[in-house]
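Commentary on secondary and tertiary structure
In case you want the letters, here they are:
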Protein chains: 2
Amino acid sequence: MTEPRSTLDNVRIVLVQTWHPGNIGAAARAMHTMGLERLVLVNPRRFPDEEATRMAAGGEALLEQARVVESLEEAVADCGAVVGLSARLRNLALPQFEEGDEMARELMALAEDMPVALVFGRERSGLTNEEIACCTHQLSLPANPDYPILNLSQAVQVCAHELYRAFRHRQPVQGDAARQESRRQKDLPPSREQMQHFQQSLATALEDAGFLNQPHAQTLERLQNFYQRSSPTRKELSLLQGALRALVDAAEKP
Amino acid sequence: MTEPRSTLDNVRIVLVQTWHPGNIGAAARAMHTMGLERLVLVNPRRFPDEEATRMAAGGEALLEQARVVESLEEAVADCGAVVGLSARLRNLALPQFEEGDEMARELMALAEDMPVALVFGRERSGLTNEEIACCTHQLSLPANPDYPILNLSQAVQVCAHELYRAFRHRQPVQGDAARQESRRQKDLPPSREQMQHFQQSLATALEDAGFLNQPHAQTLERLQNFYQRSSPTRKELSLLQGALRALVDAAEKP
């Protein structure tokens, strides 16, 4: 049975291009109060920083172990689920969580088997469309319609609290554990890296076949969004990848 | 605005290979009490029949207008949603409705724009796997675990009652009706015929590419099930069909 500690360890909090070091520190503190220890910073404006350390309080060790990377793709490559916090409805939508507790239950269930991530954007401008395309789900925390703009570190606190609660209330596996385990393995989501690989193969194959000749039609984006929102399991993705390769190979034979 | 009468007219009740003519008649009566008038019979054992007419009571006219066809595919070719009533969990599962009212709300919403169908199987053996593959959803009516086997016409009565209730409680379109209308059109599901056409194209393309060389691996079934459960919109399906054709055409060029 999966060791409980590693379930929490599979949850990553990712902050993208945070402007105020104080927010980074406050986010680290929020994480620490809820048993989350994996912080990843994508291109933080200033880090390390005294203000971050000061605001982190008891979460200072967490700050020191934070991973700093240059892109969101790099931050979440091995994650099976990536939830982007975003209030804005996008043109090509991802599956949405309407409530923090829905998100937390689903994320913690997956975290038993693979890394998962919660992604927070810039203080002023949130996440870009390209960053949302790196995600598997979107979450918009319900808030006062007249003023829904939570401070970044406070949004982290709310989400961390939901995740810790879902962790504490998780159900043990019932029934034939071995059979459930093997069924679960087959139905696991693929990692972001595997999904990105497929999306790239799809783009290349369609480009080579001359299908993407109308850039404004957003053909590729729509197709990629279809495959993303369909949430293929690891097994299904492997079949899709194989099928695509077979069709492309058939084009390369004499 | 869609005429209300035609919304109910878009709902088809499909009975597959019914053994007892009395059940056909009783089903027709059940439909008539709930405003449903479109009955389709796939290979009924005996029809027309005195017993059917007798049991139909006030629903006799409905019986006379019933369409008789030779296959389920033919019965539902133009339908945007096809819900199969089946208690059995299948190897490759379709999206499930857990309750009759969930099913009714979703079906009646779609029925504003396109034909939809509810499919009932044989009295003893229900629906075959091939018939389930013609469906978009499955519904299992929750019942006494010790004895969940509803009589066919009584299952029709329960479902008809749910559909009529959903029809009576439907919400009028709010806000900018024209914009919502155009958005809705793009997001409509494809007809079964369009979906079957894609599934067939997929099968042919993968066969020709030599990808289906391991019959026991159920590769094709799994891929078709993936596309089915992903519920592509009409627009997405048209892009998928185009992409597939482009890849196949690339294989046929010198």
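Note: the structure precedes this text.
Attention in this report is confined to the structure presented alongside it. (Residues numbered from 1 in each chain as written. Chains lettered and ligands numbered in written order. Predicted model: local features only at pLDDT ≥ 70, side-chain atom pairs only at ≥ 80, totals over all residues. Heavy atoms only, no water.)

1. Some words on the overall build of chain A
Note the threshold: Each helix is a run of H or I in the DSSP string that is no shorter than four residues. Each strand is a run of E no shorter than two, and both are numbered from the N terminus. The globule rule used for comparison is 2.2 Å times the number of residues to the exponent 0.38, while the radius of gyration itself is calculated over C-alpha atoms. Classification of residues uses two cut-offs on accessible area relative to the type maximum, computed with a 1.4 Å probe and protein chains only: under 20% is buried, over 50% is exposed, and between them is partly exposed. A contact between two residues is defined here by any heavy atoms of the two lying within 4.5 Å. Note on areas: Shrake-Rupley with a 1.4 Å probe; residue coverage comes only from the protein chains shown.
Of regular secondary structure, chain A possesses 12 helices and 7 strands. The C-alpha atoms of chain A give 20 Å as radius of gyration, which agrees with the globular expectation for 254 residues (18 Å, within 12%). By its C-alpha atoms, chain A is 65 × 50 × 35 Å across when sized along the principal axes. When burial is assessed residue by residue, chain A has 50% of its 254 residues classed as buried. Taking all contacts inside chain A whose residues are at least 6 apart in sequence as the whole, residues at least 24 apart take part in 82%. Accessible area for chain A stands at about 13,000 Å²; split by element, carbon and sulfur atoms hold 49% of it.

2. Some details on the relation of the copies chain A and chain B
Filter applied, for reference: The atoms used to superpose the copies are C-alpha atoms, taken from residues with pLDDT of at least 70 in both, and the fit is least squares.
For these two chains of identical sequence, chain A goes onto chain B by a turn of 180° and a shift of 0.0 Å along the axis, with RMSD 0.0 Å. Expressed as a symmetry operation, the mapping of one chain copy onto the other fits a two-fold axis. Considering only C-alpha atoms, the part of chain A nearest the rotation axis is Ala251 of chain A, at 1.7 Å. The fraction of interface residues of chain A whose copies in chain B are also interface residues reaches 100%, indicating that both copies meet through the same surface.

3. Topic: the packing of aromatic side chains
Basically, it comes down to this: Classification of ring pairs uses Phe, Tyr and Trp, with its six-membered ring standing for Trp, and accepts pairs whose centres are within 6.5 Å; under 30 degrees between planes counts as stacked, over 60 as edge-to-face, and the remaining range as tilted. Two thresholds decide whether a charge sits over a ring: the Lys NZ or Arg CZ must be within 6 Å of the ring centre and within 35 degrees of the ring normal.
Taken as a whole, this structure holds 10 aromatic pairs over all chains when the rule is applied. Ring geometry for Phe226 of chain A against Tyr227 of chain A: centres 5.1 Å apart, planes inclined by 70°, an arrangement best described as edge-to-face. Both residues of the pair, Phe226 of chain A and Tyr227 of chain A, belong to the buried class. Ring geometry for Tyr164 of chain B and Phe167 of chain B: centres 6.3 Å apart, planes at 20°, overall stacked. You can see Tyr164 of chain B and its partner Phe167 of chain B sitting in helix α8 (residues 152–168), 3 residues apart, about one turn around the helix. Classification of Tyr164 of chain B by relative accessible area gives partly exposed; the value is 28%. Taken together, the aromatic side chains of Phe198, Phe226 and Tyr227 of chain A together with Phe198, Phe226 and Tyr227 of chain B make up a single cluster linked through ring pairs. Above the plane of the ring of Phe167 of chain B lies Arg170 of chain B, whose end atom (NZ or CZ) is 4.2 Å from the centre.

4. Quick notes on helix α12 (residues 234–252) of chain A
Rule in force here: Expected helix span is taken as 1.5 Å per residue step, with the number of steps being one fewer than the number of residues.
Here α12 of chain A spans 27 Å end to end across 19 residues, near enough to the 27 Å set by a 1.5 Å rise per residue. Of the residues making up α12 of chain A, those classed as buried are Glu236, Leu237, Leu239, Leu240, Gln241, Gly242, Ala243, Leu244, Ala246, Leu247 and Ala250 of chain A. Of the surrounding secondary structure, the elements contacted by the buried residues of α12 of chain A are α10 (192–208) and α11 (219–229) of chain A together with α10 (192–208), α11 (219–229) and α12 (234–252) of chain B.

5. Some remarks on the sheet that holds strand β5 (residues 96–97) of chain B
Rules: Whether two strands pair comes down to DSSP finding at least two bridges between them.
The 7 strands are arranged β3-β2-β1-β6-β4-β7-β5 (chain B) in an open sheet whose pairing can be described as parallel. The open sheet terminates on both sides in strands that have one partner only, identified here as β3 (67–69) and β5 of chain B.

6. So, the packing of helix α2 (residues 21–33) of chain B against α8 of chain B
Residue and element names in this part refer to chain B. Applied cut-off: Fitted lines through C-alpha atoms give the axes, limited to the stretch in contact for helices. The angle between two N-to-C directions lies from 0 to 180 degrees. Each angle gets one of four labels, with under 35 degrees taken as roughly parallel, over 145 as roughly antiparallel, 65 to 115 as roughly perpendicular, and the rest as oblique. Each crossing gets its handedness from the near helix: less than a right angle anticlockwise from the far helix is left-handed, clockwise is right-handed. Gly is put with the polar residues, along with every residue not named as nonpolar or charged; the nonpolar set is Ala, Val, Leu, Ile, Met, Phe, Trp, Tyr, Cys and Pro, and the charged set is Asp, Glu, Lys and Arg.
At a minimum axis separation of 8 Å, α2 and α8 run at an interaxial angle of 10°. Accordingly, the angle class assigned to the pair α2 and α8 is roughly parallel. Seen from above, α2 lies across α8 with right-handed handedness. Where α2 abuts α8, its residues Asn23, Ala26, Ala27, Ala30, Met31 and Thr33 lie against Leu152, Ser153, Val156, Gln157 and Ala160. The class makeup of the residues in the contact of α2 with α8 is 7 nonpolar, 4 polar and no charged.

7. So, the interface of chain A and chain B
Operational definition: Buried area counts how much accessible surface, traced with a 1.4 Å probe, disappears from two parts once they are put together, with both parts' losses summed. For salt bridges, the criterion is a side-chain nitrogen of Lys or Arg within 4 Å of an Asp or Glu carboxyl oxygen. Nitrogen and oxygen atoms within 3.5 Å of one another constitute a polar contact, given that in protein one can donate a hydrogen and the other can accept it, and given that sequence-neighbouring residues count only through two side-chain atoms.
With 25 residues of chain A at the interface, the matching set in chain B holds 25 residues. Between chain A and chain B, roughly 2,300 Å² of surface is buried when both sides are summed, and carbon and sulfur atoms account for 73% of that area. Broken down residue by residue, the surface that chain A buries against chain B is led by Phe226, Leu239 and Leu247 of chain A, which jointly contribute 25%. Counting every contact that joins chain A to chain B gives 2 salt bridges. For Glu236 of chain A, the salt bridge goes to Arg229 of chain B, with nearest N and O atoms at 2.5 Å. There are 8 residue pairs in polar contact (both at pLDDT 80 or more) connecting chain A and chain B. Elements supplying a minimum of two residues to the side of chain A that touches chain B: α10, α11 and α12 of chain A. Tallying contributions element by element places α12 of chain A first for the side of chain A that touches chain B, with 11 residues. Partitioned by chemical class, the residues of the side of chain A that touches chain B number 16 nonpolar, 5 polar and 4 charged.

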